[in-house]
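A look at the structure
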Amino acid sequence: MKLIKLDAIDSTNDFLKGISSLPETVNFTVVTAELQTKGKGQMGHKWESEVGKNLIMSVLVKDFFQDVSRLFHLNIAFALAVIEALESYNVPELSIKWPNDIMSYSKKIGGILIENSIKSDGSIESIIGLGLNVNQTNFEDLPKASSLAVICGVEFDRELILRLLVKYLKQNIEEWQEKEQHFWKDYKLRLFKKDIPMPFADENGVHFMGIIQGVSAFGKLQVLLEDDSFKEFDIKEIQMLY
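What counts, and where the lines are drawn
- Residues numbered from 1 in each chain as written.
- Predicted model: local features only at pLDDT ≥ 70, side-chain atom pairs only at ≥ 80, totals over all residues.
- Heavy atoms only, no water.
- Pairing = 2+ DSSP bridges.
- Helix = DSSP H or I, 4+ residues; strand = E, 2+ residues; numbered from the N terminus.
- Axes fitted to C-alpha atoms, helices over the stretch in contact; angles between N-to-C directions.
- Contact = heavy atoms within 4.5 Å.
- Buried < 20%, exposed > 50% of the residue type's maximum accessible area, 1.4 Å probe, protein only.
- Bend = angle between axes of the 7 residues up to and from the residue.
- Core = buried A, V, L, I, M, F, W, Y, C linked by side-chain atoms within 4.5 Å.
- Domains from an automatic or database assignment.
- Polar contact = N/O pair within 3.5 Å; in protein donor to acceptor, adjacent residues only side chain to side chain.
- Buried area = accessible area lost by both parts, 1.4 Å probe.
- Salt bridge = Lys/Arg side-chain N within 4 Å of Asp/Glu carboxyl O.

This next bit is on the sheet that holds strand 7 (residues 124-132). Read across the sheet, 7 strands follow the order 1-2-3-7-6-5-4 without closing on themselves; strand pairing throughout is mixed. The open sheet has two edge strands, strand 1 (3-9) and strand 4 (94-97), and neither has a second partner. Going across the sheet, the axis of each strand differs from the next one's by a mean of 20°, ignoring polarity. Strand direction decides the pairing type here: strand 4 and strand 5 (residues 101-104), joined by 4 bridges, are antiparallel. Along strand 5, the bridge assignment pairs lysine 97 with aspartate 101. Along the sheet, helix 1 (residues 12-19) contacts strand 1, strand 2 (30-36), strand 3 (55-62), strand 6 (107-118) and strand 7; its crossing angle with strand 3, the most-contacted strand, is approximately 30°.

The structure is reproduced here in structure tokens:
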């Protein structure tokens, strides 16, 4: 693993994207920053973090797959790697809030953003960004957010967590073809609020009740509705209200 440490940057994803074509930027190159001024979340949301308290990172993954229909597989491989790394520290009640939030109990402790690009030779290059709340303890005006330090009552070594989750990511990628069905099953079992009646809002703000059943092969959320019909939703089409 090649590790590039930055004091401050607008976005670790953008920085890694800018150097990804250089010969020295090998597979699983990681960029971290103490401060990120333009951190990005899903759907353009901004990710903010206290300086030097959290794990802000991006990792380059080359040639995991050749088929764009399988893009969501990397989400699964990395989300499970984060869960596995945190479980080794006995972080309690971990789950994955579709599509890419890491939860402990009902609090968000991390968010993942994956950006994919198709190269001229047809290969797919992916940059995985992670913001993980590690040692930050002040979450004023963020009632749904927390951190490892708040939940576990101790401070953590951010670089040790980083190295562990990259280890698990490599392992998951190496074992993907052999254990693909196992990974899918594990991901679905770890879905936040799976099999529990929950309120949702659609893209027009209309509220409805539903029960999460799983995720489709293309990464759409599968929900059982009140009339016993079954519907799949893309990321912009549904919001869980909790």
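The rest of the description comes next.
With respect to the helices and strands, the residue valine 82 is situated in helix 2 (residues 72-87). A relative accessible area of 1% means that valine 82 is categorised as buried. The sequence separation of valine 82 and glutamate 24 amounts to 58 residues, and the corresponding C-alpha distance is 26 Å. The contacts of valine 82, once residues within four sequence positions are left out, are Ile102 and Leu130.

This next bit is on helix 5 (residues 176-189). The largest bend in helix 5 amounts to roughly 35° and is located at histidine 182. Among the residues of helix 5, Trp176, Glu180, Phe183, Trp184, Asp186 and Tyr187 are the ones counted as buried.

This paragraph deals with the nonpolar core. Soluble, globular proteins show a tendency: their nonpolar side chains are buried together. Membership of the largest hydrophobic core comes to 61 residues, with the highest contact counts inside it found for Leu86, Leu169 and Tyr187. If you tally residues by element for this core, the top one is helix 2, at 12 residues. The two domains that each donate at least three residues to this core are domain 1 (2-190) and domain 2 (196-240). Discounting residues that sit within four places of it in the chain, leucine 169 has contacts with Phe28, Val59, Val61, Leu74, Ala77, Phe78, Ala81 and Ile128. Leu6, Ile9, Val31 and Leu60 belong to the second largest nonpolar core, which has 9 residues in total.

All right, on to the side chain of asparagine 135 then. Structurally, asparagine 135 can be placed in the loop between strand 7 and helix 3 (148-152). Given a relative accessible area of 9%, asparagine 135 falls into the buried group. For asparagine 135, the side chain forms a polar contact with the main-chain nitrogen of phenylalanine 156, separated by 2.9 Å.

Across the two faces of strand 4 the burial is the same, with Leu94 and Ile96 and Ser95 and Lys97 all buried. Between the end of strand 4 and the start of strand 5, which pair antiparallel, lie 3 residues.

With that settled, the discussion passes to the domain arrangement of the chain. As assigned here, the chain comprises domain 1 (2-190) and domain 2 (196-240). Here domain 1 and domain 2 have C-alpha centroids that lie 25 Å from each other. Contacts between domain 1 and domain 2 engage 11 residues on the former and 14 residues on the latter. Between domain 1 and domain 2, roughly 960 Å² of surface is buried when both sides are summed, and carbon and sulfur atoms account for 76% of that area. At the junction of domain 1 with domain 2, the criterion picks out 0 salt bridges. On the surface where domain 1 and domain 2 come into contact, there are 1 residue pair in polar contact (both at pLDDT 80 or more).

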